[in-house]
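# Examining the three-dimensional arrangement
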Amino acid sequence: MSTIVEILVNGLASGAVYALIALGFVVIFKATEVINFAHTSLLLAGGYLVAVLHDDIGFAGAVLAGVAATAVLATLVELVVLRRVRTGGHATLSIVTIGVDIVLTVELTRRIGTEVLPLGDPWGDRVVRIGDVTIAQTRIAAFAVAVAVIAAFLLAFRFTSWGVAMRAAAENRRTAALMGVRLGRVSAGAWAVAGALAALAALFMCVFPTPGLDRTTSLAALKALPAAVLGGIDSTTGALVGGVLIGITEAAVVGYQNDVALFGGGFAEIAPYLLMTVVLLARPAGLFGTREPARV
Amino acid sequence: MRVRHGPGAAALSVSGLTVDYGPVRALREVSLEVPEGGFVAVLGGNGAGKSTLLRAVSGVLGFHGGTVRAGDITAGGRSLRGLRPDQIVAAGVVQVPEGREVFARMTVGENLRAGALGVRRDRRRTAATRARVLELFPVLAERDRQKAGLLSGGEQQMLAIGRALMAEPRLLLLDEPSLGLAPIMVERIAETIAAINRQGTAVLLIEQNAALALELAAHAYVLEVGRVALSGPSTELAASEEIRRRYLGSAGADDDEPADVPERTLTRWAG
Ligand SMILES: Nc1ncnc2c1ncn2[C@@H]1O[C@H](COP(=O)(O)OP(=O)(O)OP(=O)(O)O)[C@@H](O)[C@H]1O
Ligand SMILES: [Mg+2]
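The structure displayed is predicted, hence computed values, not measured ones. Sequence positions are assigned chain by chain, starting from 1 and proceeding in written order. For this description, chains carry letters from A and ligands carry numbers from 1, given in the order in which they are written. Where totals are concerned, whole chains, interfaces and linings use all residues; where local detail is concerned, this predicted model gives features only for residues with pLDDT of at least 70, and gives and counts side-chain atom pairs only at 80 or more. To obtain the side-chain values, all non-hydrogen atoms of the structure were included, while hydrogens and water were left out.

Residues and elements named next belong to chain B. One heavy atom within 4 Å of a molecule or strand is enough for the residue carrying it to be called near that molecule or strand. What surrounds ligand 1 is a group of 15 residues, the closest being Asn46, Lys50, Ser51, Thr52 and Glu98. For this analysis, a polar contact is any N or O atom pair within 3.5 Å, provided that within protein one partner can donate a hydrogen and the other can accept it, and provided that sequence-adjacent residues contribute only side-chain to side-chain pairs. Within the contact set of ligand 1, an oxygen atom lies 2.9 Å away from a side-chain nitrogen or oxygen of Gln208. In the complex, the protein chains occlude 68% of the 630 Å² of accessible area that ligand 1 would expose alone. If you tally residues by element for the shell around ligand 1, the top one is helix 1 (residues 50-58), at four residues. Across the shell around ligand 1, the residue classes tally to three nonpolar, eight polar and four charged. Under the convention used here, a 1.4 Å probe and the Shrake-Rupley method define accessible areas, while residue burial counts only the protein chains that appear. Numbered from the N terminus, helices here are DSSP runs of H or I no shorter than four residues, and strands are runs of E no shorter than two. Under the scheme applied here, ten amino acids are nonpolar (Ala, Val, Leu, Ile, Met, Phe, Trp, Tyr, Cys and Pro), four are charged (Asp, Glu, Lys and Arg), and all others, including Gly, are polar.

A few words now on the sheet that holds strand 1 (residues 12-21) of chain B. All names here are of chain B. At least two DSSP bridges between two strands are required for those strands to pair. Within the open sheet, the four strands sit side by side as 2-1-4-5. Their pairing is antiparallel. Here the strands that pair on one side only, and so sit at the sheet edges, are strand 2 (24-34) and strand 5 (78-79). In this structure, strand 1 lies alongside strand 2, joined through seven bridges in antiparallel fashion. Within strand 2, the position partnered with Ser13 by the bridge is Glu33. Relative to the sheet, helix 1 contacts strand 1, strand 2 and strand 4 (66-75), its axis offset from that of strand 1 by approximately 110°. We call two residues in contact when some of their heavy atoms are within 4.5 Å. An axis is simply a line fitted to the C-alpha atoms; with a helix, the fit covers only the stretch in contact. Between two such axes, the angle follows the N-to-C directions and lies from 0 to 180 degrees.

Every case where a carboxyl oxygen of Asp or Glu lies within 4 Å of a side-chain nitrogen of Lys or Arg is listed as a salt bridge. Summed over all chains, the structure comprises 17 salt bridges over all chains. For the salt bridge of Glu101 of chain B with Arg174 of chain A, the shortest nitrogen-to-oxygen distance reads 2.9 Å. A residue pair is termed interchain when its members come from two chains, as with Glu101 of chain B in the loop between strand 6 (93-96) and helix 3 (108-115) and Arg174 of chain A in helix 6 (residues 173-178). In this structure Glu101 of chain B comes out as partly exposed when scored by relative accessible area, which is 22%. A salt bridge links Asp86 of chain B to Arg182 of chain A; the shortest N-O distance between them is 3.7 Å. Within this pair, whereas Asp86 of chain B is found in helix 2 (residues 85-90), its partner Arg182 of chain A is found in the loop between helix 6 and helix 7 (183-205), the two belonging to separate chains. With a relative accessible area of 9%, Asp86 of chain B lands in the buried category. The network of salt bridges with shared partners includes Glu107, Arg110 and Arg111 of chain A. Only protein chains enter the accessibility calculation, which uses a 1.4 Å probe; a residue is then buried when its area is under 20% of its type maximum, exposed when over 50%, and partly exposed in between.

Here the focus is the coordination of the magnesium ion (ligand 2). Residue and element names in this part refer to chain B. In this analysis a donor is any N, O or S atom within 2.8 Å of a metal ion (3.2 Å for sodium, potassium and calcium), and since water is not included, sites may seem incomplete. Around the magnesium ion (ligand 2), the protein supplies Ser51 (OG) and Glu98 (OE) as donor atoms, at distances of 1.9 to 2.4 Å. Note that Ser51 is positioned in helix 1 and Glu98 in the loop between strand 6 and helix 3, a separation of 47 residues in sequence. The class for Ser51 is buried, based on a relative accessible area of 13%. Assessed through its relative accessible area of 30%, Glu98 is described here as partly exposed.

Moving on, we come to the interface of chain B and chain A. Across the boundary between the two partners, chain B contributes 24 residues, which contact 23 residues of chain A. What gets called buried area is simply the loss in accessible area from a 1.4 Å probe that two parts show on being joined, summed for both. Together, the buried faces of chain B and chain A total about 2,200 Å²; carbon and sulfur atoms form 58% of this surface. Sorting the residues of chain B by area buried against chain A places Phe103, Arg105 and Leu117 of chain B first, and these three jointly supply 27% of that buried surface. Joining chain B to chain A, the criterion identifies four salt bridges. Here chain B is connected to chain A by eight residue pairs in polar contact (both at pLDDT 80 or more). Counting only elements with at least two residues in the side of chain B that touches chain A, the list comes to helix 1, helix 2 and helix 3 of chain B. Broken down by element, the side of chain B that touches chain A gets its largest block of residues, four residues, from helix 3 of chain B. Grouping the constituent residues of the side of chain B that touches chain A by class yields 11 nonpolar, five polar and eight charged.

Moving on: helix 2 (residues 39-81) of chain A. Multiply 1.5 Å by the residue count of a helix minus one, and that product is the helix's expected span. Here helix 2 of chain A spans only 14 Å end to end across 43 residues, well under the 63 Å set by a 1.5 Å rise per residue. We define the bend at any residue as the angle between the axes fitted to the seven residues before and including it, ending there, and the seven starting there. Along its length, helix 2 of chain A reaches its greatest deviation from straightness, about 130°, at Ile57 of chain A.

Residue and element names in this part refer to chain A. In this model, helix 4 (residues 137-159) (23 residues) spans 33 Å end to end at C-alpha, consistent with the 33 Å of a helix rising 1.5 Å per residue. For helix 4, the complete set of buried residues consists of Thr138, Ala141, Ala142, Ala146, Ile150, Phe153 and Phe157. In this structure, the buried side of helix 4 is in contact with helix 1 (2-32), strand 2 (133-136), helix 5 (161-171), helix 7 and helix 10 (236-255).

What follows concerns the packing of aromatic side chains. Ring geometry is summarised as follows: Phe, Tyr and Trp rings, the Trp one being its six-membered ring, pair when their centres sit within 6.5 Å, and such pairs are stacked at plane angles under 30 degrees, edge-to-face over 60 and tilted between the two. Per the stated rule, a full pass over the model turns up five aromatic pairs over all chains. Aromatic side chains Phe153 of chain A and Phe157 of chain A sit 5.4 Å apart centroid to centroid with 20° between the ring planes, which places their arrangement in the stacked category. Here the residue Phe153 of chain A and the residue Phe157 of chain A both occupy positions in helix 4, the gap between them amounting to four residues, near one helical turn. Over the ring of Phe157 of chain A we find Arg167 of chain A, and its NZ or CZ is 6.0 Å from the ring centre. Remark: a charge is flagged as sitting over a ring if the NZ atom of Lys or the CZ atom of Arg is within 6 Å of the ring centre and within 35 degrees of the ring normal. Above the ring of Phe103 of chain B, the side-chain terminus of Arg163 of chain B is found at 4.9 Å from the ring centroid.

Once that is clear, we can look at the environment of Gly76 of chain B. You can see Gly76 of chain B is positioned in the loop between strand 4 and strand 5. Note: C-alpha distance between Gly76 of chain B and Glu176 of chain B (100 residues apart in sequence) is 24 Å.

Moving on: the pairing of strand 2 of chain A. Residue and element names in this part refer to chain A. Inspection of the sheet shows strand 1 (residues 127-130) paired to strand 2 by four bridges, in the antiparallel sense. Looking at the pairing, Val127 lines up with Ala136 of strand 2. Here strand 1 hands over to strand 2 after two residues, with Gly131 in that stretch at a positive phi of 65°.

Bringing a nonpolar patch on the surface into the picture now. Residue and element names in this part refer to chain A. To count toward a patch, a residue needs a relative accessible area over 30% and no salt bridge; like charges are then connected within 9 Å, while nonpolar side chains (Val, Leu, Ile, Met, Phe, Trp, Tyr) are connected within 5 Å. A cluster of nonpolar side chains, contributed by Phe37, Ile95, Ile98, Ile102 and Val106, occupies part of the molecular surface with about 440 Å² of accessible area. Its location among the elements puts Ile102 in helix 3 (residues 90-112). For Ile102, a relative accessible area of 49% corresponds to the partly exposed category.

A few words on the confidence of the model for chain B. Atom-level detail of predicted coordinates should not be read off regions where pLDDT is low. All names here are of chain B. pLDDT is a per-residue confidence score from the predictor, ranging from 0 to 100. Summing up the model confidence of chain B, the mean pLDDT is 89 and the portion of residues at 70 or higher is 89%. Below a pLDDT of 50 lies the segment residues 1-5, which in the model reaches 11 contacts outside its immediate sequence neighbourhood of four places, other chains included. Across the interfaces of the predicted complex, the ipTM metric reaches 0.88, alongside a pTM of 0.89.

Residues and elements named next belong to chain B. The definitions used throughout rest on a 1 Å grid laid over the protein atoms alone, on which a cavity is an enclosed set of points accommodating a 1.4 Å probe that cannot get out and a pocket is an open set flanked by protein within 12 Å on both sides along at least five of seven lines; lining residues are those having an atom within 4 Å of a point. Grid points are joined across faces, edges and corners, and a volume is the space filled by probe spheres set on the points. Overall, the coordinates contain two cavities of 30 Å³ or more when judged by the stated rule. Taken as a whole, the second largest cavity encloses approximately 40 Å³ of empty space. Lining the second largest cavity are Pro177, Ser178, Val186, Ile189, Ala190, Ile193, Leu205, Glu207, Leu212 and Leu216. Sorting the residues of the lining of the second largest cavity by element identifies helix 7 (183-198), strand 8 (202-207) and helix 8 (210-216) as the ones contributing at least two each. Here the element with the most residues in the lining of the second largest cavity is helix 7; it accounts for four residues. Across the lining of the second largest cavity, the residue classes break down as eight nonpolar, one polar and one charged.

Okay, structure coming up:
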């Protein structure tokens, strides 16, 4: 019994973090119809900044700086790289982000090397015990922060002018332009928000039980892409549901891994992609999506 | 804040406008003028280039793969050519696109809000504009929280016009607002457009419904295969044999003339 509860709690916590990352994919897709394959290397950059800064300016300062710097970096990618490739269609631009991803990943893995960098978080490996259920403090922090940030994002998306402009542009870019929406700003804003969300997610991906940030962190974060796709790449609700589904699936597979020794214990790595494939076979646009991501 | 402009400057002046979509020439040296506070109509059949004209004015040709090859477009004496769509909206020139194009997944209230995105105004002024729009279209107030995609065609057209009015345009561009609407709804929309014009907003109305357009507008242009084939005061055009035969469907003449009519001007008012 306690196993199931722990699996659900852990799954929900990591699912909330995947939802943060998936939301980044969705925001950029909605604003620009581009799938940002550089998203996880931006996440790695955010985590790396927190790792190198926390000794000097403290944990909270490092997180703020990391989030802000990653938002700026993402905006720069949009302004300096994507805006210049205006000739290509959305598919071309998505491929351009693969190039950006490679450049960022190469530079970051060169800096990180084979090290595992701690992020200096205050929770360490402390746990909370409720009955016979044991939950790491980091999981609780991850869940609480992710829920708060997602709620703030959804409120802004629903009620602010920024949100109205984003949704108008997502629905019909030309008509939004006719209303005086500045599509360039919408796009840059989406990249900034996605970058900030990614940096925050990086933090929670690198704390207990994970030993710290290493060069494979971006690979682990990439599981949020199937989360976004299975939820529907143009749906914020889909990102949240997809994130939680992937989180719980992964936790369940890890929890019962010994019982089902599939793929030599590596089943947890492919479970998200398997789940995505199954969902897409039934619903090509994802659970809540209106468009297939392959549409050009 | 209204853009200041010299006395006598037209709300819109288009001169020698030539537009291509790749190898396809859609407009050839089109010139026309909408006086400050005036009401001008552009008539023409399918593919005449009417929507292309409005796309060029609003600066959104790029979305359709079109480019302005030659000519100039000015509003209140200020050139719009090369401006971004948002700058053109900020200059007071706002379009209601063909087919309405309301944001279907957003509520009626949010659509109106989207219409005000192009002009930075304080809350009180935006609220006042909104109140005026809702006075013009009371049905929109009733449907405030409803998704725009669920409105009827006529209600969507009202929303599209209301949304454009949220930007407090000096010149309103309307692309076939009567398209696909029942006669009674066409009449309602026509009355509203006339009222908007009476309140001081200049109107450029694109229509295939020539009878309606000539009734509303003071002056009209006829586009044929990308050229201005005819222009003049509405009363003169409505009386002209050619217009009656081609666009008003009056009996008496049944010979089919070729489309390429040389430009004729019925007045000294030619632009
Ligand atoms: N995106 C486009 N690419 C290529 N050609 C186009 C495009 N849009 C319009 N055209 C061509 O330009 C010409 C003018 O089209 P336009 O849409 O301006 O006509 P219209 O007068 O608005 O017609 P309708 O009354 O049917 O709306 C047509 O010959 C059309 O085929
Ligand atoms: Mg048209």
